[in-house]
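The chain contents come next:
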Amino acid sequence: MRSLISMDDLSKDEIERIIQQALEYKRLKSRTKVLEGKFIVTAFFEPSTRTKLSFQKAAMALGAEVLDFLPSVSSLQKGETDLDTLMTIEAMDVDAIVVRTRKVGAPKLWSEVLSIPVINGGDGTNEHPTQALLDLVTMFEHFGRLDLNVAIVGDILHSRVANSLAKGLKKFGAKVRMCGPKEFLPGEHDAVDFITTDLQEALDGADVVYVLRIQRERIEQAFDGARKFFERFQVNEKVLNFAPSHAVIMHPGPFNRDVEISSGVVYSERSLILEQVRNGVYTRMAILKEVLSEVGEDSGLRPVQKVLV
Ligand code: CP
């Protein structure tokens, strides 16, 4: 694996290897020097807490050095483009860049221009593959298998997490349902068994209730207007009666407390939300190891001009 842009980039074998490696790192809870001498850059053009910090911790735990690019105090403010910025960073002889952007498809373009691995930390409504991988790690750790019934509930239409997670689960024979207000549902999705506006139907037989927040930064309506759509879809103690008693609650975060998920459920015994955060570090350690272990096999410069015109 050279860059990680989409769940489509990963075979089932590669995902299994990342899951096993992540759980091994979690079991060992120790630092290694496997990336000693490497420099990893985090370049997040959109806000983040979990993804950025966990990648930074993961890189340090593997012995790498971390440089954090901060858009708000950078030469972006003087009109430099994001691509020119990344090419400038690459020229400083760094080994990999983790990016986040609101521009759908930009990480793919960047990975075709740059000669170092690019890891997609989320692009607009498109993909968030490292979130999907940490979710698969968390589900596998809890259930010991991934051929699960998973109900994804909330603002699906604007969610890059739902897209990447459904693609990842499909590779393992999981049955995925999507549920939310009809204005926030896709018409269809290749990796999904069924799409419904009926929460009871979605949660019936679900092993995992995976909740998503309203992506207020990506929707046209005022947040309070959108919030009304979700009143019927809040995952709370009462709604969880629709799901089997063994069902667990997951959420990629950040969550809007008492909007899509109730305070009583967020940190309840059935919630794996903080375990997802914990596993994010180990999963990103496994991803960095996977990505950087193959650097050198294909490190020739790309035909930059062809891509730029
Ligand atoms: N789940 C997720 O991507 O969280 P952050 O936006 O905090 O990185």
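I will try to describe carefully the structure that is included in this document. (Residues numbered from 1 in each chain as written. Predicted model: local features only at pLDDT ≥ 70, side-chain atom pairs only at ≥ 80, totals over all residues. Heavy atoms only, no water.)

Remarks on the pairing of strand E2 (residues 65–69)
1) Next: Of the strand pairs in this sheet, strand E1 (residues 39–44) and E2 are connected by 5 bridges, and their pairing is parallel. From the neighbouring strand, isoleucine 40 faces E2, where its bridge partner is valine 66.
2) Next: The handedness of the E1 to E2 crossover, carried by helix H2 (residues 50–61), is right-handed. (Pairing = 2+ DSSP bridges. Helix = DSSP H or I, 4+ residues; strand = E, 2+ residues; numbered from the N terminus. Right-handed = clockwise from strand over helix to strand, strands pointing away.)

As for the side chain of glutamate 90
1) Next: You can see glutamate 90 is positioned in helix H3 (residues 82–90).
2) Next: Buried charged residue glutamate 90 carries no salt bridge. Nearest counter-charge: arginine 2, at 6.2 Å.
3) Next: Reaching out from glutamate 90, the side chain makes a polar contact with the backbone nitrogen of isoleucine 116 at a distance of 3.3 Å. (Buried < 20%, exposed > 50% of the residue type's maximum accessible area, 1.4 Å probe, protein only. Lys, Arg positive; Asp, Glu negative; His and termini not counted. Salt bridge = Lys/Arg side-chain N within 4 Å of Asp/Glu carboxyl O. Polar contact = N/O pair within 3.5 Å; in protein donor to acceptor, adjacent residues only side chain to side chain.)

Things to note about a nonpolar patch on the surface
1) Next: Taken together, the side chains of Tyr267, Leu274 and Val277 define a hydrophobic patch exposed on the protein surface, amounting to about 280 Å² of accessible area.
2) Next: Relative accessible area serves as the criterion here: at 44%, leucine 274 is assigned to the partly exposed category. (Patch = residues over 30% accessible without salt bridge, like charges linked within 9 Å, V, L, I, M, F, W, Y side chains within 5 Å. Areas by Shrake-Rupley, 256 points an atom, 1.4 Å probe, with all protein chains shown as cover.)

Considerations on the sheet that holds strand E6 (residues 175–179)
Whether parallel or antiparallel, the strands of a sheet pair through hydrogen bonds between backbone atoms.
1) Next: If you trace the 5 strands from one edge of the open sheet to the other, you get E7-E6-E5-E8-E9, paired in parallel fashion. Edge positions in the sheet fall to strand E7 (194–196) and strand E9 (248–250), since each of these pairs with one other strand and no more. Adjacent strand axes in the sheet meet at a mean angle of 20°, parallel and antiparallel pairs treated alike.
2) Next: In this structure, strand E5 (residues 149–153) lies alongside E6, joined through 5 bridges in parallel fashion. Its bridge partner lying in E6, valine 153 is registered against cysteine 179.
3) Next: Against the sheet, helix H6 (residues 160–170) contacts E5, E6 and strand E8 (208–211), and its axis sits at roughly 160° relative to E6. (Axes fitted to C-alpha atoms, helices over the stretch in contact; angles between N-to-C directions. Contact = heavy atoms within 4.5 Å.)

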